[in-house]
Amino acid sequence: MSSTGGQMWYHRLSHLQSRLQDLLRGRVTHWALQQSNFKSLFPLAIYWHHTASKSLNCVWQQHEDHFELQYANNVMRFDYVWLRDHCRSASCYNSKTHQRSLDTASVDLCIQPKTIHLDETTLFFTWPDGHVTRYDLDWLVKNSYEGQKQKVIQPRILWNAEIYQQAQVPAVDFQTFLETKEGLKNFLQNFLLYGIAFVENVPPTQKHTEKVAERISLIRETIYGRMWFFTSDFSRGDTAYTNLALDRHTDTTYFQEPCGIQVFHCLKHEGTGGRTLLVDGFYAAEQVLQKAPEEFELLSKVPLKHEYIENVGECQNHMIGVGPVLNTYPWNKELYLIRYNNYDRAVINTVPYDVVHRWYTAHRTLTRELRRPENEFWVKLKPGKVLFIDNWRVLHGRESFTGYRQLCGCYLTRDDVLNTARLLGLQA
Ligand SMILES: C[N+](C)(C)CCCC[C@H](N)C(=O)O
Ligand SMILES: O=C(O)CCC(=O)C(=O)O
Ligand SMILES: [Fe+2]
């Protein structure tokens, strides 16, 4: 612990400044009344605590309403309630179940540590009731807001047709995929990075397709069933069940949580056309962000409805899903879901007319990017080749076709795919 008079003065000044800011923001109510002389502006000694070992490169400061830590090139600020709440002591946290035992509601919202001290790389907070919380410095770095802000949840490689083809992403063989951990891991790694992945040499039956799907996830049963099988017989009230072309879109936009993954296996096609179109929605959205950030912002803020109304024979459904086209995490602005289906978009009645107009402009910009021929990856699905599509990221479409065409597949729950990936050591 060392602090020169000059440093101390500087930090007292900055503390005064932040107290004044607090006051202006109305956070400190009694301040003006209570502070009659200059000296009492500093109820706590505010100075930097340095570690004995300079090589550790750690300094910290105990402010009245937060703890400030500088360590390993990070400046971090921690709320005291947060620090108390995340205590990993045996009485506060069950490390067997990885669950909190502490009742957070029992923590005084104005709590402040009685003392703080650092030993090697562990910080010790002693609370007013005598309870001690220890924090490893690296744990704090890893779990601080400032640390998370600079990280992505999901590393991805955004692609256009050229980038994807140049990457020469290999398809995984059916047996390798089913029988080896490496096969599964490689497949999932590629799927996470690109949002699409193929398994090849799969016997062209619905049963084998189901086996492939079950290797990575739970199948998400929907109004279309668990495993689905379809032709152009219009057995359901949707254009997918015809031989017409389908422009790029994501599926089940009319669910509050659109299906995470779509699995396609073409079991038979005797005819022409019918190629599958794939477009990386995040690549296109990234272009919008570069070219027109305010339009990106609008697409991520304006909530829209999508709708599925069906009345064909026994099939009667009315689904409504609400959400913006682009969905980003607020703390790091990372995209995690695109909801784009111009067929299924419902009446827009959730925004006033002037916002509507700006939204149409932004939607046009995104559509222009999505439709650039260089962003289109076309593939003809053949029996034996199973395609997995990240339906939260990659749009699919199809060319019109002639003749008899059978497609089977299913939707997967995203949580369970990511669960499998994490258990294999992948970042997801
Ligand atoms: C895949 N499967 C044929 C079962 C369903 C197709 C759903 C089609 C709907 N318009 C959507 O985009 O969600
Ligand atoms: O027929 C196809 O290739 C795909 C149709 C489609 O978009 C769907 O089933 O979701
Ligand atoms: Fe679709």
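Higher on the page you've got the structure.
Our subject in this report is the structure included herewith. (Residues numbered from 1 in each chain as written. Chains lettered and ligands numbered in written order. Predicted model: local features only at pLDDT ≥ 70, side-chain atom pairs only at ≥ 80, totals over all residues. Heavy atoms only, no water.)

**As for a nonpolar patch on the surface**
A contiguous nonpolar patch, built from Tyr145, Ile153 and Trp331 and spanning about 280 Å² of accessible area, is present on the exposed surface. One can find Tyr145 in helix H5 (residues 145-149). (Patch = residues over 30% accessible without salt bridge, like charges linked within 9 Å, V, L, I, M, F, W, Y side chains within 5 Å. Areas by Shrake-Rupley, 256 points an atom, 1.4 Å probe, with all protein chains shown as cover. Salt bridge = Lys/Arg side-chain N within 4 Å of Asp/Glu carboxyl O. Helix = DSSP H or I, 4+ residues; strand = E, 2+ residues; numbered from the N terminus.)

**Concerning the site of ligand 1**
Not every one of the 15 residues close to ligand 1 is listed here, only the nearest: Asp238, Thr252, Tyr254, Asn341 and Asp344. Tyr254 is positioned with one of its side-chain polar atoms (N or O) 2.6 Å from an oxygen atom of ligand 1. Interatomic distance of 2.9 Å between a side-chain N/O atom of Asp344 and a nitrogen atom of ligand 1. Here ligand 1 has 380 Å² of accessible area as a free molecule, and 96% of this is covered by the chains. Looking at side-chain class alone, the shell around ligand 1 contains seven nonpolar, five polar and three charged residues. (Near = heavy atom within 4 Å. Polar contact = N/O pair within 3.5 Å; in protein donor to acceptor, adjacent residues only side chain to side chain. Nonpolar A, V, L, I, M, F, W, Y, C, P; charged D, E, K, R; others polar.)

**Quick word on the site of ligand 2**
The immediate surroundings of ligand 2 are formed by Phe230, Ala240, Leu246, His249, Asp251, Gln262, Phe264, His396, Arg398, Arg405 and Leu407. In this structure, His249 approaches ligand 2 through a side-chain N or O atom, which is 3.1 Å from an oxygen atom. At 2.8 Å from an oxygen atom of ligand 2 is found a side-chain nitrogen or oxygen belonging to Arg405. In isolation ligand 2 exposes 290 Å². Once the protein is present, 95% of that is buried. Counting only elements with at least two residues in the shell around ligand 2, the list comes to strand E14 (246-249), strand E15 (261-270), strand E23 (394-398) and strand E24 (404-412). A class-by-class count of the residues in the shell around ligand 2 yields five nonpolar, three polar and three charged.

**Thoughts on the coordination of the iron ion (ligand 3)**
Looking at the metal site, the iron ion (ligand 3) is ligated by His249 (NE2), Asp251 (OD) and His396 (NE2), spaced 2.1 Å from it. Of note, the iron ion (ligand 3) draws all its donor residues from one chain, in the sequence arrangement H-x1-D-x144-H. With Asp251 in the loop between E14 and E15 and His396 in strand E23, the pair connects residues that are 145 residues apart, well separated along the chain. Asp251 sits in the buried class, given a relative accessible area of 12%. Classification of His396 by relative accessible area gives buried; the value is 5%. (Donors = N, O, S within 2.8 Å, 3.2 Å for Na, K, Ca; no water. Buried < 20%, exposed > 50% of the residue type's maximum accessible area, 1.4 Å probe, protein only.)

**What about the sheet that holds strand E21 (residues 377-379)?**
Taking strand neighbours across the sheet as the criterion, the four strands line up as E14-E23-E16-E21 in an open arrangement whose pairing is antiparallel. Each end of this open sheet is capped by a strand with a single partner; those strands are E14 and E21. Mean inter-strand twist for the sheet, computed between neighbouring axes without regard to direction, equals 20°. With three bridges joining them, strand E16 (residues 276-280) and E21 adopt antiparallel strand pairing. Following the sheet pairing, Thr276 is matched in E21 by Val379. Where helix H10 (residues 281-291) meets the sheet, its contacts fall on E16 and E23, and the angle it forms with E16 comes to roughly 40°. (Pairing = 2+ DSSP bridges. Axes fitted to C-alpha atoms, helices over the stretch in contact; angles between N-to-C directions. Contact = heavy atoms within 4.5 Å.)

**Some details on helix H9 (residues 206-216)**
All of the buried residues in H9 are Thr209, Glu210, Val212, Ala213 and Ile216. One side of H9 holds all its buried residues, which, seen down the axis, span an arc of 160°. (Arc of directions from axis to C-beta.)

**A closer look at unusual backbone geometry**
One non-glycine residue, Gln168, adopts positive backbone phi at about 50°. In this fold, Gln168 is placed in the loop between helix H6 (161-167) and strand E10 (172-173). With relative accessibility at 65%, the residue Gln168 sits in the exposed group. Of note, Lys333 is a non-glycine position whose phi angle comes to about 65°, a positive value.

**Structural notes on the side chain of His63**
Structurally, His63 can be placed in the loop between strand E2 (58-62) and strand E3 (66-71). A polar side-chain atom of His63 sits 2.7 Å from a polar atom in the side chain of Gln61.

**Things to note about the pairing of E24**
Most of E24 is tucked away, with eight of its nine residues classed as buried. When strand E12 (residues 219-220) meets E24, the two strands line up antiparallel, connected through two bridges. Directly across from Ile219, in E24, lies its bridge partner Leu412. The pairing of strand E13 (residues 227-230) with E24 spans four bridges and is antiparallel. Pairing of Phe230 across the sheet is with Leu407, part of E24. As judged from the nine bridges shared by E15 and E24, these two strands associate in the antiparallel manner. Considered in E24, the bridge of His269 is made with Arg405.

**Notes on the packing of helix H11 (residues 293-301) against helix H12 (residues 353-370)**
The geometry of a pair of packed helices is captured by two quantities: the angle between their axes and the separation between those axes. Axis separation between H11 and H12 bottoms out at 9 Å; the angle between their running directions is 110°. In terms of their interaxial angle, H11 and H12 are classed as roughly perpendicular. Seen along the crossing, H11 lies across H12 with a hand that is left-handed. The residues of H12 that touch H11, namely those facing Glu295, Leu298 and Leu299, are Val355, Arg358, Trp359, Thr361, Ala362, His363, Thr365 and Leu366. Residue composition of the contact of H11 with H12, grouped by class: six nonpolar, three polar and two charged. (Parallel < 35°, antiparallel > 145°, perpendicular 65-115°, else oblique. Left-handed = near helix turned anticlockwise from the far one by under 90°.)

**Things to note about the state of the cysteines**
Throughout the structure, instances matching the rule amount to zero disulfides. Of all cysteine sulfurs, the one in Cys92 lies closest to Cys87, which takes part in no disulfide; the gap is 3.8 Å. You can see Cys408 has no disulfide; the closest cysteine sulfur is in Cys410, sitting 8.0 Å from it. Taking relative accessible area as the criterion, Cys408 reaches 0% and is therefore assigned buried. (Disulfide = S-S within 2.5 Å.)

Everything listed is a geometric property; what it means functionally is a separate question.
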